[in-house]
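Residues per chain are reported as follows:
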Amino acid sequence: MRTRGEGYSLGFRLLHWGIAFVMLGLLVTILLRMTWLSRDSVSEIINNYNLSQKIDMSPEQAVVLAKRVRQPMWDWHIYLGYVLCGLIFIRFIAAMFGKIPFLNPFKGNITMNERFRAFVYFVFYISVIISLITGIILKFDVEILPMVDFKMIHKASIYYFIAFLVIHFLGVFLAELSSENGIISRMINGKSKYDL
């Protein structure tokens, strides 16, 4: 367990913020795809424009055009997924070599609070790995386990991510109100606010 004045290494902070920003970027692409840039929303805009301009286009053609309009946004989702694969790989390699801490929920001699935090992160990383694997399977149209709906599993990743964000922010907020305060300062500049 870290003491109040102990900071985080530059490598740990870069990985933390890199993973955080990449995952937020992924979340934005997912939310856009589900809302304003959904196939139905974009094709409706195209159909309405075509009607107002008296352009002859079938609803099927509008859907094809809507997919093309949305494609660059979805390309960003894929690129960010590749970046996340790299960051998660670096995170695990660094943890294996002891360069970055990794909380083990199965370790003895830890408090219930530490075990809970470790378990949340364990579930989070397992979920991220499942999301990355299913994303790669979908991207490259890999034919394995035909009875498994990889698309549904991949789409469900938004729910674990939002749940993790809520738990993470709540945990940081509660830590700031407890004897572990200063975690935000350490995660931003590597030092505790008490070291300044």
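Residues numbered from 1 in each chain as written. Predicted model: local features only at pLDDT ≥ 70, side-chain atom pairs only at ≥ 80, totals over all residues. Heavy atoms only, no water.

Peer 1: What's the story with the overall build of the chain in this structure? I'm lost.
Peer 2: Across its full length, the chain holds seven helices and zero strands. Radius of gyration (C-alpha) of the chain: 21 Å, far over the 16 Å computed for a compact globule of 196 residues. Expressed as a percentage of the 196 residues in the chain, the buried residues total 32%. On the chain, the mean spot of the 20 positive side-chain charges and the mean spot of the 13 negative ones are 8 Å from each other. (Helix = DSSP H or I, 4+ residues; strand = E, 2+ residues; numbered from the N terminus. Rg over C-alpha atoms; globule rule 2.2 N^0.38 Å. Buried < 20%, exposed > 50% of the residue type's maximum accessible area, 1.4 Å probe, protein only. Lys, Arg positive; Asp, Glu negative; His and termini not counted. Charge placed at Lys NZ, Arg CZ, Asp CG, Glu CD.)

Peer 1: How should I be thinking about the side chain of Thr134 in this particular structure?
Peer 2: Within the secondary structure, Thr134 is located in helix 4 (residues 112-139). A polar side-chain atom of Thr134 sits 3.0 Å from a polar atom in the side chain of His154. The residues touching Thr134, leaving out its near neighbours within four places in the chain, are Phe150, Ile153 and His154. (Polar contact = N/O pair within 3.5 Å; in protein donor to acceptor, adjacent residues only side chain to side chain. Contact = heavy atoms within 4.5 Å.)

Peer 1: So what exactly am I meant to see when it comes to the packing of helix 2 (residues 39-52) against helix 3 (residues 59-96) here?
Peer 2: When two helices pack together, their arrangement is given by the angle between the helix axes and the distance between those axes. Close contact between helix 2 and helix 3 brings their axes to 8 Å; oriented N to C, the two are set at 120°. When the interaxial angle is binned, helix 2 and helix 3 end up oblique. Along this stretch, helix 2 crosses helix 3, giving a crossing that reads as right-handed. For the pair helix 2 and helix 3, contact is made by Arg39, Val42, Ser43, Ile46 and Asn47 and by Pro59, Ala62, Val63, Leu65, Ala66, Lys67, Val69 and Arg70, respectively. (Axes fitted to C-alpha atoms, helices over the stretch in contact; angles between N-to-C directions. Parallel < 35°, antiparallel > 145°, perpendicular 65-115°, else oblique. Left-handed = near helix turned anticlockwise from the far one by under 90°.)

Peer 1: Whenever I open this one, helix 4 confuses me. Can you help?
Peer 2: Residues spaced three or four apart along an α-helix point in a common direction, a consequence of the helix completing one turn every 3.6 residues. Along its 28 residues, helix 4 runs 40 Å from first to last C-alpha, staying within 8% of the 40 Å computed at 1.5 Å per residue. All of the buried residues in helix 4 are Glu114, Ala118, Val120, Phe124, Tyr125, Ser127, Val128, Ser131, Leu132, Thr134 and Ile137. Looking at the buried side of helix 4, the elements it contacts are helix 1 (10-34), helix 3, helix 5 (150-155) and helix 6 (157-176). Two residues or fewer after helix 4 comes Asp141, characterised by a positive phi angle close to 50°. (Expected span 1.5 Å × (residues − 1).)

Peer 1: Looking at this structure, how should I read the packing of aromatic side chains?
Peer 2: The geometry of an aromatic ring pair comes down to the distance between the two centres and the angle between the two planes. Applying the stated rule across the entire model yields eleven aromatic pairs. With a centroid separation of 6.0 Å and an interplanar angle of 80°, the aromatic rings of Trp76 and Tyr79 are classed as edge-to-face. Taken together, the positions of Trp76 and Tyr79, both in helix 3 and three residues apart, correspond to about one turn of that helix. Geometrically, the ring pair formed by Phe92 and Tyr125 is edge-to-face, given 5.5 Å between the ring centres and 70° between the ring planes. Of the two residues, Phe92 sits in helix 3 while Tyr125 sits in helix 4, which places them 33 residues apart along the sequence. (Phe/Tyr/Trp six-rings, centres within 6.5 Å; stacked < 30°, edge-to-face > 60°.)

Peer 1: What exactly am I supposed to notice about the environment of Ile137 here?
Peer 2: Its location among the elements puts Ile137 in helix 4. With a relative accessible area of 9%, Ile137 lands in the buried category. Along the primary structure Ile137 and Ile184 are separated by 47 residues, whereas in three dimensions their C-alpha atoms are 37 Å apart. Other than its neighbours up to four places away in sequence, Ile137 contacts Val142, Ile144 and Phe150.

Peer 1: Could you clarify how one ought to interpret the nonpolar core in this entry?
Peer 2: A general trend in soluble globular proteins is that nonpolar side chains are found buried together. Residues Met23, Leu84, Ile88, Phe124, Val128 and Phe161 are the most contacted members of the largest nonpolar core, which totals 29 residues. For this core, the secondary structure elements donating two or more residues are helix 1, helix 3, helix 4, helix 6 and helix 7 (183-189). Ranked by the residues each element gives to this core, the list is headed by helix 1, at eight residues. Those residues in contact with Phe124, other than ones at most four positions away along the chain, are Met23, Tyr160, Phe161 and Phe164. (Core = buried A, V, L, I, M, F, W, Y, C linked by side-chain atoms within 4.5 Å.)

Peer 1: Help me out: how do you make sense of the layout of surface pockets in this one?
Peer 2: In this approach the atoms are scanned with a rolling probe the size of a water molecule, which exposes any empty space left behind. By volume, the second largest pocket is sized at about 1100 Å³. Arg33, Trp74, His77, Leu138 and His154 are, among the 35 residues lining the second largest pocket, the residues nearest its centre. Looking at the lining of the second largest pocket, the elements with two or more residues in it are helix 1, helix 2, helix 3, helix 4, helix 5 and helix 6. The dominant element in the lining of the second largest pocket, judged by the number of residues it contributes, is helix 3, at ten residues. Its residues assigned to classes, the lining of the second largest pocket comprises 19 nonpolar, eight polar and eight charged. (1 Å grid on protein atoms, 1.4 Å probe; cavity = no way out; pocket = protein on both sides within 12 Å on 5 of 7 lines; lining within 4 Å. Points joined across faces, edges and corners; volume = space filled by probe spheres on them. Nonpolar A, V, L, I, M, F, W, Y, C, P; charged D, E, K, R; others polar.)

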